[in-house]
Amino acid sequence: MAERVTYSVNWKDGLNLREKPNKESKVLAVLPYGEKIKVDKTANAPDGWLAVKDGGYVMSEFLK
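Residues numbered from 1 in each chain as written. Predicted model: local features only at pLDDT ≥ 70, side-chain atom pairs only at ≥ 80, totals over all residues. Heavy atoms only, no water.

Chemist: Would you mind going over the overall build of the chain with me for this structure?
Modeler: When its secondary structure is counted, the chain shows zero helices and six strands. Starting at the N terminus, the α and β elements of the chain follow one another as β-β-β-β-β-β. By the compact-globule yardstick of 11 Å for 64 residues, the chain fits well, its C-alpha radius of gyration being 11 Å. Each principal axis of the C-alpha atoms in the chain carries an extent, and together these give about 35 × 25 × 20 Å. (Helix = DSSP H or I, 4+ residues; strand = E, 2+ residues; numbered from the N terminus. Rg over C-alpha atoms; globule rule 2.2 N^0.38 Å.)

Chemist: Just checking my understanding: could you explain the pattern of salt bridges for this structure?
Modeler: Oppositely charged side chains are able to pair whenever their charged atoms sit close together. Under the criterion given, the structure shown has one salt bridge. Among the salt bridges present, the one from K53 reaches D54, with a minimum N-O distance of 3.7 Å. What makes K53 partly exposed here is its relative accessible area of 43%. We classify D54 as exposed; its relative accessible area is 70%. (Salt bridge = Lys/Arg side-chain N within 4 Å of Asp/Glu carboxyl O. Buried < 20%, exposed > 50% of the residue type's maximum accessible area, 1.4 Å probe, protein only.)

Chemist: I tried to follow the packing of aromatic side chains on my own but got confused; where do I start?
Modeler: According to the stated counting rule, one finds one aromatic pair in the structure shown. We note K12 situated over the ring of Y33; from NZ or CZ to the ring centre the distance is 4.0 Å. (Phe/Tyr/Trp six-rings, centres within 6.5 Å; stacked < 30°, edge-to-face > 60°. Lys NZ or Arg CZ within 6 Å of the ring centre and 35° of its normal.)

Chemist: Is there a simple way to think about the environment of L31 in this case?
Modeler: Within the secondary structure layout, L31 lies in strand β3 (residues 27–31). Of the residues examined, L31 reaches a relative accessible area of 9% and is grouped as buried. Along the backbone, L31 and K20 are 11 residues apart, and their C-alpha atoms lie at a distance of 16 Å.

Chemist: I'm lost on the pairing of strand β5 (residues 49–52) in this one. Help?
Modeler: Sheet faces and side chains relate simply in a regular strand, where the side chains alternate between the two faces. Side-chain alternation along β5 places W49 and A51 on one buried face and L50 and V52 on a second face that is also buried. Relative to strand β6 (residues 57–59), β5 runs antiparallel, the two sharing three bridges. The residue bridging W49 from the neighbouring strand is M59, located in β6. Turn length for the β5-β6 hairpin, with the two strands adjacent in sequence and antiparallel, is four residues, and the turn residue G55 shows positive phi of about 115°. (Pairing = 2+ DSSP bridges.)

Just geometry here; none of it tells us what the structure is for.
Printed below as a string of structure tokens:
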């Protein structure tokens, strides 16, 4: 079973939820400051990126 952890968006301008784990990938949504998201820590994502449980990727540096 995948390890899931809850984080909050810690970026005042909102955090881009991307289709793939890179900055050039399509933005699926902008997650507002303070929104709680669940990530799958066991998913295969490059350093600095986390896979969101409901789909997409975010940069970990903008979460708390």
